[in-house]
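Coordinate analysis (summary)
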There are 2 protein chains.
Amino acid sequence: MNEPMDMEAVLERLKEKGLRLTPQRVEVITLLYQLSHPTAEQVYSLMSKKFPYVSQTTVYSTLKMLKDLGLVNELTYGDRSSHFELTQEEHAHFNCKSCGEIYDVDVKDAHQLQYMLHAEQGYQVDFVRLEFYGTCPACAAGGKSEADAGRTKQ
Amino acid sequence: MNEPMDMEAVLERLKEKGLRLTPQRVEVITLLYQLSHPTAEQVYSLMSKKFPYVSQTTVYSTLKMLKDLGLVNELTYGDRSSHFELTQEEHAHFNCKSCGEIYDVDVKDAHQLQYMLHAEQGYQVDFVRLEFYGTCPACAAGGKSEADAGRTKQ
DNA sequence: ATATCAATTGATAACAATTATAATCAAAAA
DNA sequence: TTTTTGATTATAATTGTTATCAATTGATAT
């Protein structure tokens, strides 16, 4: 599986842009490395342990800033809130209906589709989003429950 | 391109389920045939011409009912509200960043990916959502503007 | 036809996720 | 130090959607 750029590089990118490395921002970034596709609410909730007075606005604006810099990717699903992930090489997601977990999955050849779309129908593709829905191997084996949803990265 | 089932069949399905074919419901369904991936708000807005006293609640509940019956598919995107389409054979979407239009596109071989995912990694795939983002042929040719977004079907 | 009764509608309020506003606070520049 | 700029916070507003519930409609039995 592809990895996102390391944390030092992310912090460096902020500095380059003249943005301040506040403790709140560092913590949001740290949590993005620790969690699997968290929502803004999950980041906020965990942040509150270290920063009891942090506001949701700070979390939202930090995530938006990181997204605008291209460092973070926002994923929207049918459920209410967005999920966030650190930017990395093109990959797909697998959404398990049993445990609720969102997995990163490699699907080589997926990006081939966009070349076909361009060559055959003239669409200019900037990026592709590919989402699978079903049951993950762990749940299929009966080894996971919904309570495991929202866990940290393995 | 695949076609959704015809309108007679949709209305028949409601009857089968013992649901009433009220004028409001027929109008929502009619609009789904006429529009390209409308939002609930767009359906409501157009409905208001024929039914000045219709409420948003009716539109939402009708769309939800159709979705629960599997006759309609709900698409969620970034910041905006949900878009709806009549159910049809598996297909992908192309989102044009220039005109905002959502196109249905055929991408044969797309569903091959889910077999690979299952065979190689053990994920049981129920369905796939594939979204492309970029510039459509009409916009690339300079022939379309944002004002054309939300048009009816061609 | 009329009574009955569940399905449907629509006005209103509630709701959750997000964004806007304005005041405060902190860091860097002058 | 003072000034300026950026960041954070509390608060309120906005948006899309759902819940509540009384009024209305329509199908069915009588």
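The following paragraphs examine the structure supplied in this document. (Residues numbered from 1 in each chain as written. Chains lettered and ligands numbered in written order. Predicted model: local features only at pLDDT ≥ 70, side-chain atom pairs only at ≥ 80, totals over all residues. Heavy atoms only, no water.)

**A few points about the overall build of chain A**
What counts is decided by this rule: Strands are runs of DSSP state E lasting at least 2 residues, helices are runs of H or I lasting at least 4, and numbering of each runs from the N terminus. Method for areas: the Shrake-Rupley scheme with a 1.4 Å probe, in which residue coverage is limited to the protein chains shown.
Counting its regular elements, chain A contains 6 helices and 5 strands. Listed by position from the N terminus, the elements making up chain A come as α-α-α-α-β-β-β-β-α-β-α. Over its C-alpha atoms, taken along the principal directions, chain A stretches across nearly 50 × 40 × 25 Å. Of the roughly 8,400 Å² of accessible surface on chain A, a fraction of 49% belongs to carbon and sulfur atoms.

**A short note on the interface of chain A and chain B**
To keep it simple, the criterion reads: Residue contacts follow a heavy-atom distance rule, with two residues in contact if any of their heavy atoms lie within 4.5 Å. By definition, the buried area sums, over both parts, the 1.4 Å-probe accessible area that each loses when the two are put together. By convention in these notes, a salt bridge is any Lys or Arg side-chain nitrogen within 4 Å of a carboxyl oxygen on Asp or Glu. Under the rule applied, a polar contact is a pair of N or O atoms within 3.5 Å (in protein, one hydrogen donor and one hydrogen acceptor; residues adjacent in sequence only if both atoms are side-chain atoms). For this scheme, ten residues count as nonpolar: Ala, Val, Leu, Ile, Met, Phe, Trp, Tyr, Cys and Pro. Four count as charged, namely Asp, Glu, Lys and Arg, and the remainder, Gly too, count as polar. Here a strand pair is declared whenever DSSP counts at least two bridges between the two strands.
If you look at the interface, chain A gives 35 residues, while chain B gives 35 residues. For the pair chain A and chain B, the summed buried surface comes to about 3,000 Å²; carbon and sulfur atoms form 63% of the total. Looking only at chain A, the three residues that lose the most surface to chain B are Leu113, Tyr123 and Tyr133 of chain A, adding up to 21% of its buried area. Where chain A meets chain B, there are 2 salt bridges. Measuring nitrogen to oxygen at the nearest pair gives 2.7 Å for the salt bridge that ties Asp126 of chain B to Lys97 of chain A. Put simply, chain A and chain B have 11 residue pairs in polar contact (both at pLDDT 80 or more) between them. Contributions of two or more residues to the side of chain A that touches chain B are made by strand 4 (102-105), helix 5 (112-121), strand 5 (124-135) and helix 6 (137-140) of chain A. The dominant element in the side of chain A that touches chain B, judged by the number of residues it contributes, is strand 5 of chain A, at 12 residues. For the side of chain A that touches chain B, the class distribution of residues is 19 nonpolar, 8 polar and 8 charged. Inspection of the sheet shows strand 5 of chain A paired to strand 5 (residues 124-135) of chain B by 11 bridges, in the antiparallel sense.

**Some points on the protein's contact with DNA strand C**
So the rule is basically this: Any residue with at least one heavy atom within 4 Å of a molecule or strand is counted as near it.
Around DNA strand C, 16 residues are found, and the nearest of them are Tyr60 of chain A together with Arg20, Thr22, Arg25 and Thr58 of chain B. Close to the protein, within 4 Å, the atoms of DNA strand C are drawn from sugar and phosphate at a rate of 77%. The separation between a phosphate oxygen of DNA strand C and a polar side-chain atom of Tyr60 of chain A is 2.4 Å. Contact between DNA strand C and Thr22 of chain B: a phosphate oxygen at 2.6 Å from a side-chain N or O atom of the residue. Of all the elements in the fold, those that place two or more residues in the surface near DNA strand C are helix 4 (56-68) of chain A together with helix 2 (23-34) and helix 4 (56-68) of chain B. Broken down by class, the residue content of the surface near DNA strand C amounts to 4 nonpolar, 8 polar and 4 charged.

**Points about the environment of Asp109 of chain B**
Mapping Asp109 of chain B onto the fold places it in the loop between strand 4 (102-105) and helix 5 (112-121). Sequence separation between Asp109 of chain B and Ser55 of chain B is 54 residues, and the spatial gap between their C-alpha atoms is 42 Å.

**Some words on the protein's contact with DNA strand D**
For DNA strand D, the set of nearby residues contains 16 residues, the closest of which are Thr22, Arg25 and Thr58 of chain A together with Tyr60 and Ser82 of chain B. If you look at DNA strand D and keep only atoms within 4 Å of the protein, 74% of those are sugar or phosphate atoms. Within the side chain of Thr57 of chain B, a nitrogen or oxygen atom sits 3.4 Å from a base nitrogen of DNA strand D. Within the backbone of Ser82 of chain B, an N or O atom sits 3.0 Å from a phosphate oxygen of DNA strand D. Secondary structure elements with two or more residues in the surface near DNA strand D: helix 2 (23-34) and helix 4 of chain A together with helix 4 of chain B. Per-element tally for the surface near DNA strand D: the top contributor is helix 4 of chain B, with 3 residues. In the surface near DNA strand D, the residues fall into 4 nonpolar, 9 polar and 3 charged.

**Notes on the environment of Leu66 of chain B**
Residue and element names in this part refer to chain B. Mapped onto the fold, Leu66 is located in helix 4. A sequence separation of 40 residues divides Leu66 from Val26, and the C-alpha atoms of the two residues are 11 Å apart. With near-sequence residues (within four places) excluded, Leu66 lies in contact with Leu14, Val28, Ile29, Leu32, Leu71 and Val72.

Nothing here speaks to function; it is geometry throughout.
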